Amino acid sequence: MKKYIIMALSLLLVTFVMAQSSYTAPQTEKANKLTQQMKVSLNLAQSQTTQIQVVNLEVVKRIDAAISNNNDKELLKTTIKAINTYRDKEFKKVLTTQQYDLLKSNVNGRSCGLQE
């Protein structure tokens with residue numbers, strides 16, 4: 001009997017871990033896609049690409065969490081604005097002035113994949 005309980009708990013744990021990893025994969029894919037778009041459109045150096053990847057992944061995770069945890073549209077809007085402010089602050093640390101200006105002009109034209 002104990003053997004069956006342990007097997008059932010193990011199966012439950014494996015299912016939980018698999019569900020978590022499948023949730024993380026789309027976030028990583030979104031961040032990778034966005035980073036690659038930025039790498040091409042902003043002509044990023046390798047070190048910049050690595051730093052931007054970290055920022056993009058964090059932003060995607062924060063946005064996904066905000067969307068899944070907020071039913072209030074106004075609160076969600078405020079949260080997304082705060083995330084965008086964080087993103088801009090981090091991008092300014094990594095990008096040159098010219099790259100950041102190009103990013104902002106691309107965002108307005110939606111060619112970089114970022115959305116305000």
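Residues numbered from 1 in each chain as written. Predicted model: local features only at pLDDT ≥ 70, side-chain atom pairs only at ≥ 80, totals over all residues. Heavy atoms only, no water.

Colleague: Any chance you could break down the overall build of the protein for me, citing the residues and the numbers?
Modeller: Counting its regular elements, the protein contains four helices and zero strands. By the burial criterion, 28% of the 116 residues in the protein qualify as buried. Considering only residue pairs separated by 6 or more positions, the protein has 59% of its internal contacts joining residues 24 or more positions apart. Of the accessible surface of the protein, which amounts to about 8,100 Å², a share of 61% is contributed by carbon and sulfur atoms. (Helix = DSSP H or I, 4+ residues; strand = E, 2+ residues; numbered from the N terminus. Buried < 20%, exposed > 50% of the residue type's maximum accessible area, 1.4 Å probe, protein only. Contact = heavy atoms within 4.5 Å. Areas by Shrake-Rupley, 256 points an atom, 1.4 Å probe, with all protein chains shown as cover.)

Colleague: Talk me through the nonpolar core; I want residue IDs and the actual numbers.
Modeller: Counting 15 residues, the largest nonpolar core has Met38, Leu42, Leu44, Ile52, Phe91, Leu95 and Leu103 as its most contacted members. Elements supplying a minimum of two residues to this core: α1 (2-42), α2 (46-69), α3 (73-94) and α4 (97-109). Among the elements that make up this core, the one with the highest residue count is α2 (four residues). (Core = buried A, V, L, I, M, F, W, Y, C linked by side-chain atoms within 4.5 Å.)

Colleague: How would you explain the pattern of salt bridges if you had to name every residue and give the values?
Modeller: Enumeration over the complete set of coordinates arrives at five salt bridges. In this structure, Asp88 and Lys104 form a salt bridge, with 3.1 Å as the shortest nitrogen-oxygen distance. You can see Asp88 sitting in helix α3 and its partner Lys104 sitting in helix α4, a full 16 residues away along the chain. Between Glu90 and Lys93 there is a salt bridge, with the nearest N and O atoms lying 3.1 Å from each other. Taken together, the residues span about one helical turn, with Glu90 and Lys93 both in helix α3 at a distance of three residues. One salt-bridge network, in which partners are shared between bridges, spans Arg87, Asp88 and Lys104. (Salt bridge = Lys/Arg side-chain N within 4 Å of Asp/Glu carboxyl O.)

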